[in-house]
Amino acid sequence: RKRMIDSQTTQILEHLKSIDKATGQSRGITSFEAIGLYRCYRLAARIKDLRKRGVKIITIIKTDNTGKKYGKYFLRSNKHCRREGALLKLPANGRG
């Protein structure tokens, strides 16, 4: 089980570091994408693992067509993420 979690965490980090060939921009990831691409049903937990390892990740809150809100995660160094939507302000403890 631990090996699968480490594998998913690595896959998600590589995804966040990768460049979308269509746009030339760094890619973010949503829970829906993580399920489809990596069979990762607990993206928030994997993001937490990455943050514990010191990876700087920000969360952007978006709204779908039905009005439901969801998060999209980006590496903090990603300049494209500011165009995706309003940044979620993290609380003082750094969680988000």
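One numbering rule holds for all chains: residues counted from 1, following each sequence as written. Since the coordinates come from a predicted model, pLDDT governs what is reported: local features require at least 70, and pairs of side-chain atoms require 80 or more to be given and counted, while whole-chain, interface and lining totals use all residues. The side-chain quantities take in all heavy atoms of the structure and omit both hydrogens and water.

Novice: Hey, could you run me through the overall build of the protein chain in this one?
Specialist: Under the DSSP-based scheme used, a helix requires at least four consecutive residues in state H or I and a strand at least two consecutive residues in state E, with every element numbered from the N terminus. For the protein chain, the count of helices and strands is 4 helices and 3 strands. Ordered by position from N to C terminus, the α and β elements of the protein chain give α-β-α-α-β-β-α. The contact definition used throughout considers only heavy atoms, calling two residues in contact when any of these lie within 4.5 Å. Look at the contacts in the protein chain between residues 6 or more apart in sequence, and 45% of them connect residues 24 or more apart.

Novice: Is there a simple way to think about the sheet that holds strand β1 (residues 29-30) in this case?
Specialist: Within a sheet, each strand pairs with its neighbour through backbone hydrogen bonds, oriented either parallel or antiparallel. Across the sheet, 3 strands lie side by side as β1-β3-β2; this open sheet has antiparallel pairing. Lying at the two open borders of the sheet, with one neighbouring strand each, are β1 and β2 (57-63). Here a strand pair is declared whenever DSSP counts at least two bridges between the two strands. Pairing between β2 and strand β3 (residues 69-75): 7 bridges, direction antiparallel. Bridge pairing in β3 places I58 opposite F74. A fitted line through C-alpha atoms serves as each axis, taken over the contacting stretch for helices, and the angle formed by two N-to-C directions is quoted from 0 to 180°. On top of the sheet, helix α3 (residues 43-52) reaches β1, β2 and β3; it is set at about 155° to β2, its chief contact.

Novice: So what exactly am I meant to see when it comes to the pairing of β3 here?
Specialist: If a strand is regular, its side chains alternate between the two faces of the sheet. Only protein chains enter the accessibility calculation, which uses a 1.4 Å probe; a residue is then buried when its area is under 20% of its type maximum, exposed when over 50%, and partly exposed in between. Across the 7 residues of β3, 5 count as buried, placing the element largely inside the fold. In terms of strand pairing, β1 meets β3 through 2 bridges, oriented antiparallel. Bridged to T30 within β3 is K72. Where β2 hands over to β3, the hairpin turn is made up of 5 residues, of which G67 adopts a positive phi near 95°.

Novice: Sorry, what's going on with the nonpolar core here?
Specialist: Within soluble globular proteins, side chains that are nonpolar generally end up buried alongside one another. Core analysis: the largest hydrophobic core is formed by 14 residues, its most contacted members being I12, L16, I29, L43, I47, L50 and I57. Elements with a minimum of two residues in this core: α1 (2-17), α2 (31-38), α3 and β3. When neighbours within four sequence positions are excluded, I29 is seen to be in contact with I12, H15, L16, A34, Y38, L43, G71, K72 and Y73. Nonpolar cores are built from buried Ala, Val, Leu, Ile, Met, Phe, Trp, Tyr and Cys residues. Side-chain atoms within 4.5 Å join them into one set.

Novice: Please clarify how the side chain of Q8 should be interpreted in this entry.
Specialist: Along the chain, Q8 falls in helix α1. Relative accessible area serves as the criterion here: at 8%, Q8 is assigned to the buried category. Residues within four places of Q8 in sequence aside, it is in contact with Y38, R39, C40 and R46.

Novice: Before we go on, may I ask you to explain the pattern of salt bridges in this structure?
Specialist: Where side chains of opposite charge bring their charged atoms close, a pairing between them can arise. One speaks of a salt bridge when a side-chain nitrogen belonging to Lys or Arg is within 4 Å of a carboxyl oxygen belonging to Asp or Glu. This structure, assessed with the given rule, holds 2 salt bridges. Between R53 and D6 there is a salt bridge, and its shortest N-O distance comes to 3.4 Å. Taken together, the positions of R53 in the loop between α3 and β2 and D6 in helix α1 put the pair 47 residues apart, joining distant regions of the chain. Measuring nitrogen to oxygen at the nearest pair gives 3.0 Å for the salt bridge that ties D49 to R46. Here the residue D49 and the residue R46 both occupy positions in helix α3, the gap between them amounting to 3 residues, near one helical turn. According to the relative accessible area criterion, R46 is buried, its value standing at 7%.

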